[in-house]
Each structure stands twice: as structure tokens, then as C-alpha cells.
Amino acid sequence: MSALVSVDGAVPDRSDAVVVAGEAMSREALFGAATALADRIVGAPAVAVRADASLGTVVATLAGLVAGVPVVPVPPDSGPLERAHILSDSGAALLLAPGPWTDTGLPTAPIDLAARSSSTHPQPAPDTTALILYTSGTTGAPKGVLMPHAAIAAGLDGLVDAWAWTPDDVLVHGLPLFHVHGLVLGVLGALRVGSRVMHTGRPKPAAYAQAGGSLYFGVPTVWSRIAQDPESARALAGARLLVSGSAPLPVPVFGRLAELTGHRPIERYGMTETLITVSTRADGERRPGFVGLPIAGVRTRLVGEDGSACAHDGETVGELQIDSPTLFQGYLNRPEATAETLTRDGWFRTGDVAVIDADGRHRIVGRAGTDLIKSGGYRIGAGEVEGALLAHPAVREAAVIGVAHPDLGQEIVAFVVPDGEVTERQLIDHVATGLSAHKRPRRVVFVADLPRNAMGKVQKKLLTD
Ligand code: MLC
Ligand code: AMP
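It should be emphasised that the depicted structure is a prediction, and the values quoted were computed from it without experimental measurement.

Conventions and cut-offs
- Residues numbered from 1 in each chain as written.
- Chains lettered and ligands numbered in written order.
- Predicted model: local features only at pLDDT ≥ 70, side-chain atom pairs only at ≥ 80, totals over all residues.
- Heavy atoms only, no water.
- Helix = DSSP H or I, 4+ residues; strand = E, 2+ residues; numbered from the N terminus.
- Contact = heavy atoms within 4.5 Å.
- Near = heavy atom within 4 Å.
- Polar contact = N/O pair within 3.5 Å; in protein donor to acceptor, adjacent residues only side chain to side chain.
- Areas by Shrake-Rupley, 256 points an atom, 1.4 Å probe, with all protein chains shown as cover.
- Nonpolar A, V, L, I, M, F, W, Y, C, P; charged D, E, K, R; others polar.

A. Main features of the environment of alanine 150. Mapped onto the secondary structure, alanine 150 falls in helix H4 (residues 149-163). Taking C-alpha positions, alanine 150 is 8.9 Å from threonine 129, a pair spaced 21 residues apart along the chain. Other than its neighbours up to four places away in sequence, alanine 150 contacts Pro126 and Pro325.

Here is the structure:
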């Protein structure tokens, strides 16, 4: 059994301990099915999971944890290009999928929710890779973040402490099960704590309102949509804690939520590579625009452009760097990219710009570059979308930026120098045939040329302006 999550009888079980999109299972049944699958995959170098919002995804992920086999969650809407990259780069030997996905070239095994096994698997060592999470960088194809069992355990225990999360909680969310927020916090967190979890399928305001939970997770786009739906928002008044993360929560949304629900939301900050490192505490001050204090075991510092330490005065802006037991083990097959994320003394460079006040409260000001876009809480590399556009025969040049958007935080906008006849819709659809749906540009602006500096580099700042 995995030390990260287990059923040990200490937590009372029930038939609807885990509910995903209307399907329910007890913890015991879940672990029985996961162990049966673990029996079949044990010894594999890695397994890929078509990570749709289903109990199958939960069982398959647990099977990997139990067997000590790294799990690679694959976005169910990923286009053939992105999917082929993830499957070959990760070295997955098998694809676990609730339904057919025939074009992958990998052997596929179904996930049987009714199977049961009581075999005992040896506990994986703490440094065993639990998950390989694909995430976008500024350029090129997504990189596989190696996340070990011990980091996930440390990260979840820090949140349990910060949020006073107990087995009495009922966690509700509807986030994708292939990223840290939905999968690590939203599934493994609940299983580690022993709280019930109800996944709503999609994170619609009405579904959150009907769920009757105590602890709610959402990205800012979800909270912004709830804040615009007063009836759904008021239904959350009986909750214990509303938690926002993955992108900045706009201060007006914080205010509106507080007004309608009676709860000042908790905001927390993290990254795929670091898990959640900074959070407002349930028993602490909840200040709009701030993400709170480092969680237990995490150290943070701010570093200026000249490499010197910045004052923690609430005003001086620097790069946020992190030293934490929750850190990844590196990017799979990418030693140079991994080395670039670390300082000489071993701290992780987040690429986020922040201030810290005299009481240690953190405020994220923005990102250092323009090439990582956050749209609806999804991280999108401008370079990957540009590459997909350039593969179209009627595109000569392309530059992709994130533009401020009231609902999504940022929206993806592509500037394209055409080479022949092509429409905006054709280019948006072209991106979607290769990459995940959320990487599609919302808008394509056709231009005669792109603004470049003397070195020939595209000046994205001018495009944004
Ligand atoms: C989108 N649509 C488009 C389009 N883009 N149609 C045409 N052209 C385009 N360019 C379609 C969508 O497919 C959808 O259709 C409809 O438009 C509405 O899209 P949307 O506005 O994006 O809304 P929605 O699909 O409801 O998604 C919003 C959301 C989603 C918030 C639910 O973005 C989401 O799940 N975000 C969570 C991301 C996340 O988990 N991040 C965590 C990363 S981990 P249709 O037909 O489908 O309705 C991390 C660590 C940490 O960051 O700190 O947590
Ligand atoms: P991802 O790897 O998808 O988890 O994206 C990580 C990035 O999301 C971080 O580097 C931040 O830029 C952003 N992020 C996450 N949480 C917050 C937050 N609460 N406030 C501002 N930005 C955030």
C-alpha cells in the first residue's frame, strides 16, 4: 500500500466517499480496484492515463501509486501532436483508458471499477516518482515534471495544516484531473486526509451550489463565474472554506464573493514544479490580493535583478525563489532545462515576481516574461502555440501573447503574417487539431509584419500594448 494515500480503517468509509461526475465509490472499493490494476502494471517503467473526469482516472492514478509506477496523466482533449509527444517522451509502456483511444500506438488496458484485489505491494521508496505532469515552458513542447511521493505527501500535509483540513470535510470541485490543482490537491489531498470528495464533472456555478460541501476549490475563472451568479454564490454560505489558486484572484471577485457567501476566500500560490508553497491560513488574515505565508517546511526569498536579496517591506519587487520539500525532481530527459530552474545554492527560480511584507505575507505581482500565458488557470507556452501555427502552410510568421481578459485572466491572441489565403477560424481549428483545446487562440490578428528589435527579436511588449 502507498504511504501517500491508504485505507487504514481509521477513517469511517461510506459508499459515496469519492464521487466523480455522479458516479460514487467507497474508499475500500476504490483501493480494491486500484490494487487489482496495480497487480497488472507492477514493474512498468510508467503508465499513461487518459485523465478525463471519471472514477477510472482516480483508480488508475491510485494503481500507479500502489504499484510504485509513475503515472502520466494525459489531457483527454489533447490533440494527436501533443499526445504523441507526451506518450513517447514519458516512456509510458501502457495506456490506461476508460474508453478507446486508438491512435496512440501503445497497448491499452481498460480500467475495471468492479475488480478487487487484496494483494500487498511493498511501499514505494519516498523518492519514487509518483506522477509525471506535463507542463508548458516558454518555448517548445511541454516538459514532464517528475513529482516524487515524498514531495506530494509534504505538500498535502502543509495544506492540511494551513486549511485545518479534516476527515469531516467534504471537498467539492470540478477541475481537470491532469494538473496539480484537480488531481494532487483535489483527489490525492482528499484521499490522504480521509475527507469525502465530490467532483462535479465541470466546475459550473450551479453544480458547486448543489453539492453541499464544506471545502471548495476553484481557479479564479470559476470564482468569477460564481460571483456573477448570486443565487449559486449564496448557496455556498454554509461552507467552511473557499479556496482559489492557479492564477491571481482579482480583488473585485474576492470582494463580491465575500459579500455573497459571507466567506473571505483563501488564496494560495503554487506551480506544477513546486506544488503549493504559499497560502493564506484558515486561522489567519485573509487579505485580498495576497497569497499568504509559506506552508510548513517551505522557505521563500525575493531576489533582485542584480542577484541581491530584496527587502521584505511590502514594496520591493523581486523574483520569488523557493526552497521546499515539495519540489520536483527535475524535468524528464531535460537536464539543461532542469539546471536553469535552480540557483547556484539550490533554490528554485519560480519566474514569478512578488513582494513580501514585514509580516511575511506574499503578494504575486506577475511573471518575469511574457511567454507563459495563464488562461482560465491553464498554463500555456506561447512558443508551443506559435509552433503549431507555423506548421500551417499559410502562416509565414506568428507571435502569440496573453491579453488581459475579465473572465479568463488572460486570453490567447495570435498575431500572424499570412502567406496565402487563410481565415481566423481555420487557424484556430488548426491549433486545436494538434494541441489541447485550451491552447487555441481566441483571436487571430493578421498583420503585414511583426515588430522586431535590432536583433530581429519580436517585441511582444509592443503587441500587448
Ligand atoms: C474555448 N472555446 C473555444 C475557444 N476557446 N471555441 C472556439 N475557439 C476558441 N479559441 C470553447 C470551449 O471549448 C468551450 O466550449 C467554450 O468555448 C467556453 O470555453 P471557456 O471559456 O474556456 O470555458 P470552459 O470550457 O467552461 O472552461 C473554463 C474553465 C477551464 C475555468 C472551466 O478553463 C478550466 O477547467 N480551468 C482549470 C485549469 C486548471 O486546473 N489549472 C490548474 C493548473 S495546476 P464547450 O463546448 O466545451 O462549452 C496549477 C498549480 C496551482 O496551476 O497553483 O494550482
Ligand atoms: P502551473 O504550473 O500551471 O501550476 O502554473 C504555475 C503558475 O501559476 C505560477 O508560476 C504563477 O504564475 C501562477 N499562479 C498560481 N497560483 C497563483 C496565485 N494564487 N496568484 C498568482 N499567480 C498564481
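Picking up after the structure, the text goes on.
B. Region of the structure containing the site of ligand 1. Near ligand 1 you find 22 residues, and of these Ser246, Arg268, Gly376, Pro441 and Arg442 are the closest. Interatomic distance of 2.9 Å between a side-chain N/O atom of arginine 202 and an oxygen atom of ligand 1. One of the side-chain N or O atoms of arginine 442 is found 2.8 Å from an oxygen atom in ligand 1. Starting from 1100 Å² of accessible surface for ligand 1 in isolation, the protein chains cover 73%. Secondary structure elements with two or more residues in the shell around ligand 1: helix H5 (180-193), helix H7 (220-227), strand S13 (266-271) and helix H12 (424-434). For the shell around ligand 1, the class distribution of residues is eight nonpolar, seven polar and seven charged.

C. Quick look at the site of ligand 2. Residues in close proximity to ligand 2 total 16 residues, the closest being Arg268, Thr272, Asp352, Arg367 and Arg379. Arginine 268 places a main-chain nitrogen or oxygen 2.8 Å from a nitrogen atom of ligand 2. For ligand 2, an oxygen atom lies 2.9 Å from a polar atom in the side chain of lysine 374. Relative to its unbound accessible surface of 500 Å², ligand 2 loses 92% to contact with the protein. For the shell around ligand 2, the secondary structure elements donating two or more residues are S13 and strand S19 (362-367). The leading source of residues in the shell around ligand 2 is S13, at five residues. Residue composition of the shell around ligand 2, grouped by class: six nonpolar, four polar and six charged.

The values are spatial; any link to function lies outside them.
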